[in-house]
Amino acid sequence: MRREIPIAITFIVGVVFALAYFIPHRPFGAFEAQFGDWFGIIGAFAIWLGALNLMKISFIKVFRKRPDFPFALIIIISFLVMVFFGFYEGYKGLFATPQFSYRDPGTGFDWMYKWVYSALSATMFALLAFFVASASYRAFRARNLEATLLLVAAFFVMLGRVPVGDLLTDWILPTGYTMSSWADWIMSVPNTAGQRAIMIGIALGLVSTSLRIILGLERTYLGGD
Amino acid sequence: MKAGEMIATAIIIVVLLVCKFLLPKPIQLSPGLSGLVTVLLGLCFVYIFYLTMKDRPVERRIVFLFVGIALVVPFFMQFELPLPISPEVEKAYDQMAKLQPGAKVLVSFDYDPPSAPELQPVAVAFMKYAFAHDLRVIIMGLWPQGPQQAEQAIQSAFDAEPKLRDQVKYGVDYVNLGFQSGNEFVILRMGEGFKTQFPTDINYTPYDSIPLLKNVRNFSNIDWALNLSAGKPGTVEWVQIAVDRYNLHLSAANTAVQAPMAYPYLQAGQLLGLMGGMSGAAQFEKKTGYFGKATTYLLSQTFAHVAVVLFIIIGNVAFFRSRKESK
């Protein structure tokens, strides 16, 4: 029964969603709404599950003093500090006049969100720029036709997407043929064509995989063998 | 930590302290000095080119240093650069500009702080425009951090235009419905009724007691929607469900990484305009007339793009030269 029940649920939900797209009326519309709400509830639990799992893994790392355990310690402390300020400010706000929320401007939670979390996460993302530059210098080579095409497209898009592209070409080329126009053309024509091909491929793959899952032919999502 | 790294760290700290306490604010290089710095950076690239041609490619740390300089120094420069408005930004702006006062706009904040440098300027410019033109803004988020980003955008708009703080009323001119888990299912259920997914706003005020939402039942009561998206769930899900099934008029602002994926929807007319990356954000700021961080950051991005392109050229010239020699 551990396998049959999930397969039955998957079959019913999958069929209802597929039918509801074409027949959005009773009973399929009502079922779709119900299943959609259930999905939202499961999603909310998944957030908790993810947070608690992160804590569990981090605590295990710290207690067993695994390599890089100080990073796990930072995760735990950061998590607890944010949770503390969230609850503390939320509790304080409930009994204040006028009431305020833990995320309102001026609260400790908001301060940490703005000046610690936002700054640190943006920094992590910004590191990409350094690695891209390094990789472009050391590895981005026109070794064959495909790589050359990619390189030429990158050249036009990178310069055309910033003002310097037009600054370089404005005095040579007529309006409508400057670097930004080339970048626009690359994005609108070859990029769109490629994206469409990829999207159609993904859609076909999704349909076939979904059918296999709905019909119970694909069972790896259940775990085990 | 090695001695070299300690010295580099110490130099950076000293420079930051000098900038913080000794230099006058705001720090701005004159156009002449800005030009001189640019020429010096160009000469450094010539030297790197020379070294690379001599089979002495510069090490990774030098590349990092150059990117760092290319990103940071332009913050203090004064350059007037041309910024043509792309057709997709023009289209998005036109959708917004044709809204009548009192029109209801749904804005979904589907991003988190890592993507904020590219998307937050659009949010701030939009808020300033919306409040100045009496648009009614309904905020929501499919990402947990989205509503908090919205609050920050509103505060930035209020800080820039203090009179808005008194003029704009929460619940009447704008409302923040908060985050709802469930990804595309939230959009699907909103098609039947916003209240099913947001029974209260972010402050737990019941949906029915919010004046702005009085006649808002589902997407058919929304005049225009703007999706600020950094991934999934985001623009693709909004197009596939809200636009395809419920005929929502939707425009989007995407990160530069995500924008190429939205182009097929743009050409098909399912997406009414797109602001892609920092450049799209700066163009949007220019169109609205509310210049902000994207315009400032764009100069940094320009320098960084040029630096990367020069590194690619230098690397490839050296590659072809070495290949020719080996033959």
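Residues numbered from 1 in each chain as written. Chains lettered and ligands numbered in written order. Predicted model: local features only at pLDDT ≥ 70, side-chain atom pairs only at ≥ 80, totals over all residues.

S.K.: Describe the overall build of chain B, listing the residues and the values that go with them.
M.R.: When you go through chain B residue by residue, the secondary structure sums to 13 helices and 6 strands. Residues counted as buried form 47% of the 327 residues belonging to chain B. (Helix = DSSP H or I, 4+ residues; strand = E, 2+ residues; numbered from the N terminus. Buried ≥ 20, exposed ≤ 12 C-beta atoms within 10 Å, placed from the backbone.)

S.K.: Describe unusual backbone geometry, with residues and values.
M.R.: Here Thr97(A) and Pro98(A) are connected by a cis peptide whose omega angle stands at -10°. On the secondary structure map, Pro98(A) appears in the loop between α3 (69-94) and α4 (108-138). A cis amide bond links Lys232(B) to the next residue, Pro233(B), at an omega of -5°. For Asp134(B), which is not a glycine, the phi torsion comes out positive at approximately 60°. One can find Asp134(B) in the loop between α5 (116-132) and β2 (136-141). Judged by the 14 C-beta atoms lying within 10 Å of it, Asp134(B) is partly exposed. A positive phi angle, near 65°, is found at Tyr204(B), a position not held by glycine. Among the structural elements, Tyr204(B) can be located in the loop between α9 (194-197) and β4 (224-229). The exposure class of Tyr204(B) is exposed, given the 10 C-beta atoms found within 10 Å.

S.K.: Hey, could you go over the domain arrangement of chain A for me, with residue numbers and the actual values?
M.R.: In many analyses, interface size is given as the accessible surface area lost on bringing the parts together. The domains assigned to chain A are domain 1 (1-61), domain 2 (67-139) and domain 3 (144-225). A breakdown of the residues in the side of domain 1 of chain A that touches domain 3 of chain A according to their chemical character gives 4 nonpolar, 2 polar and 1 charged. (Domains from an automatic or database assignment. Nonpolar A, V, L, I, M, F, W, Y, C, P; charged D, E, K, R; others polar.)

S.K.: How would you sum up the packing of helix α7 (residues 179-214) of chain A against helix α11 (residues 259-267) of chain B? Please name residues and give values.
M.R.: Across the interface, α7(A) lies against α11(B) with an axial gap of 8 Å and an inter-helix angle of 95°. Comparing their axes, α11(B) and α7(A) come out roughly perpendicular. Of the residues in α11(B), those in contact with Met187(A), Ser188(A), Asn191(A), Thr192(A), Gln195(A), Arg196(A) and Met199(A) of α7(A) are Pro260(B), Met261(B), Tyr263(B), Pro264(B) and Gln267(B). A per-class count over the contact of α7(A) with α11(B) returns 6 nonpolar, 5 polar and 1 charged. (Axes fitted to C-alpha atoms, helices over the stretch in contact; angles between N-to-C directions. Parallel < 35°, antiparallel > 145°, perpendicular 65-115°, else oblique. Contact = placed C-beta atoms within 7 Å.)

S.K.: So what's going on with the sheet that holds β4(B)? Residues and values would help.
M.R.: Through backbone hydrogen bonds, the strands of a sheet pair up, either in parallel or in antiparallel fashion. Residues and elements named next belong to chain B. Taken together, the 6 strands give an open sheet; going across it, the order is β3-β2-β1-β4-β5-β6, and neighbouring strands pair in parallel fashion. The open sheet has two edge strands, β3 (174-179) and β6 (274-276), and neither has a second partner. Direction aside, neighbouring strands of the sheet carry axes that sit 15° apart on average. Here 6 bridges tie strand β1 (residues 104-110) to β4, and the two strands are oriented parallel to one another. (Pairing = 2+ DSSP bridges.)

S.K.: Give me the domain arrangement of chain B: which residues, what numbers.
M.R.: Assigned domains of chain B: these are domain 1 (3-80 + 297-326) and domain 2 (87-291). Placing the centre of domain 1 of chain B and that of domain 2 of chain B at their C-alpha centroids yields a distance of 37 Å.

S.K.: I'd love a proper account of the interface of chain B and chain A, names of residues and values included.
M.R.: If you look at the interface, chain B gives 50 residues, while chain A gives 50 residues. Mapped by element, the contributors of at least two residues to the side of chain B that touches chain A are α3 (60-72), α5, α6 (146-160), α8 (184-190), α11 and α13 (293-326) of chain B. Here the side of chain B that touches chain A takes 15 residues from α13(B), the largest share from any one element.

S.K.: Run through helix α4 (residues 87-97) of chain B, naming residues and quoting values.
M.R.: All names here are of chain B. When we look at burial in α4, the residues that qualify are Glu88, Val89, Ala92, Tyr93 and Met96. In an axial view of α4, the angular spread of the buried residues amounts to 135°, which keeps them on one side of the axis. Structural note: α4 exposes Pro87 and Ala97 on the side pointing more than 90 degrees away from its buried face. In the core, the buried residues of α4 are packed alongside α5, β4, β5 (250-254), α11, β6 and α12 (277-288). (Arc of directions from axis to C-beta.)

S.K.: Pulling in residues and values, what's your account of the environment of Gly216(A)?
M.R.: You can see Gly216(A) is positioned in the segment after α7. Along the primary structure Gly216(A) and Pro6(A) are separated by 210 residues, whereas in three dimensions their C-alpha atoms are 9.6 Å apart.

S.K.: Please give an account of the pairing of β3(B) that cites residues and values.
M.R.: Residues and elements named next belong to chain B. Most of β3 is tucked away, with 6 of its 6 residues classed as buried. Pairing of β2 with β3, which is carried by 4 bridges, proceeds in the parallel orientation. From the neighbouring strand, isoleucine 139 faces β3, where its bridge partner is asparagine 176.

S.K.: Would you mind going over the environment of Lys56(A) in detail, with residue names and values included?
M.R.: Along the chain, Lys56(A) falls in helix α2 (residues 28-63). Placed 67 residues apart in sequence, Lys56(A) and Thr123(A) show a C-alpha to C-alpha distance of 26 Å.

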